[in-house]
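Survey of secondary and tertiary structure
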Amino acid sequence: MDRRDFLKISGMSLGAGALISVAPAMKANAGIRSWFHRHNGEAPAPFTLVQLSDSHVGFSGPPNPTGTKAFEKAIDIINGLDPQPELVLFTGDLTHESETPGEHAKRMQTFQSITSRLRATKVMHVPGEHDAALDHGALYRQFFGETYYAFDHRGVHFIALDNVSRGKPVVGAEQIDWLKRDLARYPKTTPIIVFTHRPLFDLRPDWEWFTRDGHEVLNVLAPYENVTVLYGHIHRHDVHQTDHAAHYASKSLIFAFPDPTTAGDKKPLAFDKDNPFRNLGLQQVTEKRPLQVDDIELTLREFSGTNGAQQISRTGAFL
Amino acid sequence: MKYLMLAILLWAQLGVPQPRVIEISAKRFEFTPNQITIKKGETVTLRVTAEDRDHGFLQEDLGIDLDLTPGKVAEITITPQTAGRFTAICDTFCGSGHGNMKMVINVVE
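Per chain, the residues get numbers from 1 upward, laid out in the order the sequence is written. As a convention, the first chain written is A and the first ligand written is 1, with the rest following in written order. Totals for whole chains, interfaces and linings use every residue, but because this is a predicted model, local features are given only for residues with pLDDT of at least 70 and side-chain atom pairs only at 80 or more, for both listing and counting. In computing side-chain values, all of the structure's heavy atoms are included and hydrogens and water are not.

A closer look at the overall build of chain A
Which entries qualify depends on this criterion: Under the scheme used here, helices are H or I runs from DSSP no shorter than 4 residues and strands are E runs no shorter than 2 residues, and both carry numbers assigned from the N terminus. Categorising residues by exposure relies on relative accessible area from a 1.4 Å probe, with only protein chains included: less than 20% of the type maximum marks a residue as buried, more than 50% marks it as exposed, and the intermediate range marks it as partly exposed. Between two residues, a contact is recorded if the distance between any of their heavy atoms is within 4.5 Å. Values of accessible area rely on a 1.4 Å probe in the Shrake-Rupley scheme; residue burial ignores everything except the protein chains shown.
A count of helical and extended segments in chain A gives 9 helices and 13 strands. The buried share of chain A, taken over its 319 residues, is 61%. Considering only intrachain contacts with a sequence separation of at least 6, the fraction spanning at least 24 residues in chain A is 72%. For chain A, the accessible surface area stands at approximately 12500 Å², while carbon and sulfur atoms represent 49% of it.

This is the structure we're talking about:
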């Protein structure tokens, strides 16, 4: 099966993460269909999912003085989708850390309060370093469960990988062993979507845009023919192909980082008061061939243009 | 015998050139100094100390990978064979600002 036959990221003019259409087994061979039916009773079928990333709930600063407003708008946009996405994946940095006692827990509660408004019922997360690095994931687990796991959905195998909670940009030998055991059960033609926080390849190591043992993870995945990796962390849209996998980064919902191929320093792009959600948003995946991934900015029409910040103030969006 | 061993150690200290030692301190979110210069082929020892909490000190191209813990001196001896500008980073997340905790190791001809 051609990888493009399984993952089609369909184009909708939205700015809310990545809207991804998946046709997992409609063109797959009968072996995959019957394998999934035998193992989990699922009937493989097309579906859509949305990827959101880096909402940094609790962040406050000049790069974005509007707090959670872009995140909340994204939830509204997703709730307006028809059909509804069956899955919503969060690829880390759900919250911004705080060392004030109790404050980080409040931020996780706020995150859950916002996402509780989602109509989609299957919402999955992986941690970012701002969620889980300082306490090795202890608080994160209380709110969201394990930091790495796997599940099947309509003929696609999803793998959530944790490359943050050891405090370093690593997955670690224990998790890689788990990954090997998990994958061993699946045929090599199984459609696989990995979602994680940091890139698994060396995008910009001096900005810590890498996973030190990411190459080991990709080696474990290499025998599988249909692997897509969704990640966050870099606060910008990016597409990258390694030998055996395609990697897509979703934009942030708080602020953007500059182009790593031209910028010397990793500094957030300046807040644009006339266009407050500029550079925030998503990657848009289009159901075309060859696979087309479009970068869609979270430009909220009612809050953009010359009066953007004033409009937000009037509507109470800064509150 | 004891005196013979001491004499050998003393001879070793006197006879073998010791690498230059560069002291580096780490605290949120900076290394001090934030830039050092080494000659290509020069052997230097980097002695790195964390002042406030755990940090990392990573520069893979130069073979540097240290875990820093307050109260302990982490040390590595390197002999760079390639000239260039190498950025070492803290790779142990230490809070907001961690992402820009780095220093430059210039290796010159």
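Digging into the interface of chain A and chain B
The following threshold applies: Here the quantity called buried area is the total loss of accessible area, with a 1.4 Å probe, experienced by two parts when brought into contact, counted for both. By salt bridge we mean one thing: a side-chain nitrogen of Lys or Arg within 4 Å of a carboxyl oxygen of Asp or Glu. Polar contacts, as counted here, are pairs of nitrogen or oxygen atoms within 3.5 Å of one another; within protein the pair requires one atom able to donate a hydrogen and one able to accept it, and residues that are adjacent in sequence qualify only if both atoms are side-chain atoms. Gly falls in the polar group here, along with every residue not listed as nonpolar (Ala, Val, Leu, Ile, Met, Phe, Trp, Tyr, Cys, Pro) or charged (Asp, Glu, Lys, Arg).
Across the boundary between the two partners, chain A contributes 18 residues, which contact 20 residues of chain B. Regarding the contact of chain A and chain B, the summed buried area is about 1500 Å², with carbon and sulfur atoms giving 42% of it. At the junction of chain A with chain B, the criterion picks out 7 salt bridges. The closest approach of N and O atoms between Asp65 of chain B and Arg212 of chain A, which form a salt bridge, is 2.7 Å. In this assembly, chain A and chain B are joined by 12 residue pairs in polar contact (both at pLDDT 80 or more). By residue class, the composition of the side of chain A that touches chain B is 5 nonpolar, 4 polar and 9 charged.

Structural notes on the packing of aromatic side chains
Residue and element names in this part refer to chain A. Basically, it comes down to this: Here a pair means two rings of Phe, Tyr or Trp (six-membered ring of Trp) with centres within 6.5 Å. Their orientation is stacked below 30 degrees between planes, edge-to-face above 60, and tilted elsewhere. Note on criteria: charge over ring means Lys NZ or Arg CZ within 6 Å of the ring centre, with the direction from the centre no more than 35 degrees off the ring normal.
With the rule as written, the count across this model stands at 17 aromatic pairs over all chains. Taking 6.2 Å as the distance between ring centres and 75 degrees as the angle between the ring planes, the aromatic pair formed by Tyr149 and Phe195 counts as edge-to-face. Taken together, the positions of Tyr149 in strand β6 (residues 149–153) and Phe195 in strand β8 (residues 191–195) put the pair 46 residues apart, joining distant regions of the chain. With respect to burial, Tyr149 and Phe195 carry one shared label: buried. Each member of the aromatic cluster is reached from another via a ring pair, and the members are Phe71, Phe90, Phe111, Tyr140, Phe143 and Phe144. The positively charged end of Lys266 is found above the aromatic ring belonging to Phe257, 5.4 Å away from the centroid.

A word on unusual backbone geometry
For the peptide bond that leads from Arg28 of chain B to Phe29 of chain B, omega is 0 degrees, which places it in the cis range. Residue Pro33 of chain B is bonded to the preceding Thr32 of chain B through a cis peptide linkage, with omega at -5 degrees. One non-glycine residue, Glu208 of chain A, lies in positive phi territory at about 60 degrees. With respect to the helices and strands, Glu208 of chain A occurs in the loop between β8 and α8 (214–221).

Describing the state of the cysteines
Residues and elements named next belong to chain B. To keep it simple, the criterion reads: Disulfides are defined as pairs of cysteine sulfur atoms found within 2.5 Å of each other.
Counting across every chain of the model gives 0 disulfides over all chains. Summary of cysteine pairing: Cys90 is not part of a disulfide, and the nearest cysteine sulfur, belonging to Cys94, is at 4.1 Å. Judged by its relative accessible area of 2%, Cys90 is buried.

A short note on the sheet that holds strand β1 (residues 20–27) of chain B
All names here are of chain B. Where we set the bar: For two strands to count as paired, DSSP must find a minimum of two bridges between them. Note on method: axes are straight lines fitted to C-alpha atoms, helices fitted across the in-contact stretch only, with angles between N-to-C directions ranging 0 to 180 degrees.
Taken together, the 4 strands give an open sheet; going across it, the order is β2-β1-β4-β7, and neighbouring strands pair in mixed fashion. Here the strands that pair on one side only, and so sit at the sheet edges, are β2 (30–32) and β7 (73–78). Each adjacent strand pair in this sheet contributes to an overall mean axis angle of 25 degrees, direction not counted.

A short note on the sheet that holds strand β7 (residues 156–160) of chain A
Residues and elements named next belong to chain A. Spatially, β6-β7-β8-β9-β11-β10 is the arrangement adopted by the 6 strands of the open sheet, whose pairing is mixed. Pairing within the sheet leaves two strands with one partner each, and these edge strands are β6 and β10 (238–241). Adjacent strand axes in the sheet meet at a mean angle of 20 degrees, parallel and antiparallel pairs treated alike. Its contacts with the sheet put helix α7 (residues 173–183) on β6, β7 and β8, and the angle it makes with β7 is roughly 170 degrees.

Looking at the nonpolar core
Residues and elements named next belong to chain B. Under the convention used in this document: In these notes, a set of buried Ala, Val, Leu, Ile, Met, Phe, Trp, Tyr and Cys residues joined through side-chain atoms within 4.5 Å is what counts as a nonpolar core.
Ile24, Phe31, Leu46, Phe57, Ile64, Leu68 and Ile105 are the most contacted members of the largest nonpolar core, which totals 26 residues. Where this core is concerned, the elements lending two or more residues are β1, β3 (35–39), β4 (44–50), β6 (64–68), β7, β8 (84–89) and β9 (102–108). With 4 residues, the top contributor of residues to this core is β4. Apart from the residues lying within four places of it in its own chain, the contact partners of Phe31 are Ile24, Ser25, Ala26, Gly56, Phe57, Leu68, Ala88, Ile89, Cys90, Met101, Lys102 and Met103.

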